[in-house]
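# Working through the structure, step by step
As a plain string of letters, each chain reads:
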Amino acid sequence: MNRFSRNHMLVGCLLLVSVSLQGCYGQFALTHKLYQWNGTLGDKWINSIMMVAMAIVPIYGIAILADGLVLNTMEFWTGKNPVTMGPEERETAGVVYVPEQHAWFVEFQGEKRKIADQDGEVLTLLYPDGRKESVTR
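A short tour of the structure in this document, coming up. As the structure is a computational prediction, the values presented were derived from the model and not from experiment.

### A closer look at the packing of helix α2 (residues 29–38) against helix α4 (residues 59–78)
One can describe the packing of α2 onto α4 by two numbers: an axis separation of 7 Å at closest approach and a directional angle of 150°. Viewed along their axes, α2 and α4 adopt a mutual orientation that is roughly antiparallel. Touching A29, L30, T31, L34, Y35 and N38 of α2 are I59, Y60, A63, I64, A66, D67 and L71, all from α4.

Shown next, in the form of structure tokens:
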């Protein structure tokens, strides 16, 4: 394929992607929450100084990057943004120790899965892929 064709193909792919994702850039919820929080710190002088400081550090830049790369992508594919979910929408997991089995379990959505064995001072972590790793206190 010559250079001219390759460039045309690249431009065509970019146009296809840009048209197919129109309006799907997300709500940038984390950045908005950070901005709203910044507005509660004090008077307009303190809020302005903090906004400039968080732009320099770059707290705002990190929030925008997290929104753009992770949170908005999750929102696009699932329809839900973890930052805007209410408490009733969040799922919780519990970690439980069962002394009879000398083991730790995680309970999530009604299921119980073993995540570690404990033998005295040694804790053996059990990974989903079958690996085991021992940790000593």
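That shown, we press on.
### Overview of the pairing of strand β4 (residues 122–126)
Both strand β3 (residues 111–119) and β4 contribute to a ladder of four bridges, which runs antiparallel. Residue pairing in the sheet places Q118 in a bridge with L123 of β4. Adjacent in sequence and paired antiparallel, β3 and β4 are bridged by two residues, among which G120 carries a positive phi angle near 65°. Both β4 and strand β5 (residues 132–136) contribute to a ladder of five bridges, which runs antiparallel. Across the sheet, residue L123 finds its bridge partner in β5, namely V135. Counting the residues in the hairpin turn of β4 and β5 gives five residues, including G130, whose phi is positive at 95°.

### Section: the sheet that holds strand β2 (residues 103–108)
Strands sit in the order β1-β2-β3-β4-β5 across an open sheet of five strands; the sheet is antiparallel. Either end of the sheet is taken by a strand with one partner, and the two such strands are β1 (93–98) and β5. Averaged over all pairs of adjacent strands, the angle between their axes in this sheet comes to 25°, without regard to strand direction. Bridging between β2 and β3 involves six bridges; their strand directions are antiparallel. Among the inter-strand pairings, V106 is bridged to a residue of β3, identified as R113.

### Comments concerning a nonpolar patch on the surface
On the surface, Y35, M51, V52 and I56 cluster together to form a nonpolar patch covering roughly 420 Å² of accessible area. A per-element tally of the nonpolar patch places helix α3 (residues 44–56) first, with three residues. Within the secondary structure layout, M51 lies in helix α3. Look at M51 and you get partly exposed, because its relative accessible area is 33%.

### Some details on the pairing of β2
Two elements, β1 and β2, share six bridges in a ladder whose sense is antiparallel. From the neighbouring strand, V98 faces β2, where its bridge partner is A103. Hairpin remark: β1 followed by β2, antiparallel, with four residues in the connecting loop; positive phi at H102, about 50°. Taking the residues between adjacent antiparallel strands as the criterion, β2 and β3 are bridged by two residues, where Q109 takes a positive phi near 50°.

### A word on the pattern of salt bridges
Tallying each qualifying case throughout the model produces two salt bridges. D117 serves as the salt-bridge partner of K114, at 2.7 Å between the closest nitrogen and oxygen. Under the relative-accessibility criterion, K114 is labelled partly exposed at 34%. For D117, a relative accessible area of 25% translates into the label partly exposed. The residue D129 makes a salt bridge to R131 at a minimum N-O spacing of 3.0 Å. What makes D129 exposed here is its relative accessible area of 54%.

Reading the values: rules and limits
Residues numbered from 1 in each chain as written. Predicted model: local features only at pLDDT ≥ 70, side-chain atom pairs only at ≥ 80, totals over all residues. Heavy atoms only, no water. Axes fitted to C-alpha atoms, helices over the stretch in contact; angles between N-to-C directions. Helix = DSSP H or I, 4+ residues; strand = E, 2+ residues; numbered from the N terminus. Parallel < 35°, antiparallel > 145°, perpendicular 65-115°, else oblique. Contact = heavy atoms within 4.5 Å. Pairing = 2+ DSSP bridges. Patch = residues over 30% accessible without salt bridge, like charges linked within 9 Å, V, L, I, M, F, W, Y side chains within 5 Å. Areas by Shrake-Rupley, 256 points an atom, 1.4 Å probe, with all protein chains shown as cover. Salt bridge = Lys/Arg side-chain N within 4 Å of Asp/Glu carboxyl O. Buried < 20%, exposed > 50% of the residue type's maximum accessible area, 1.4 Å probe, protein only.

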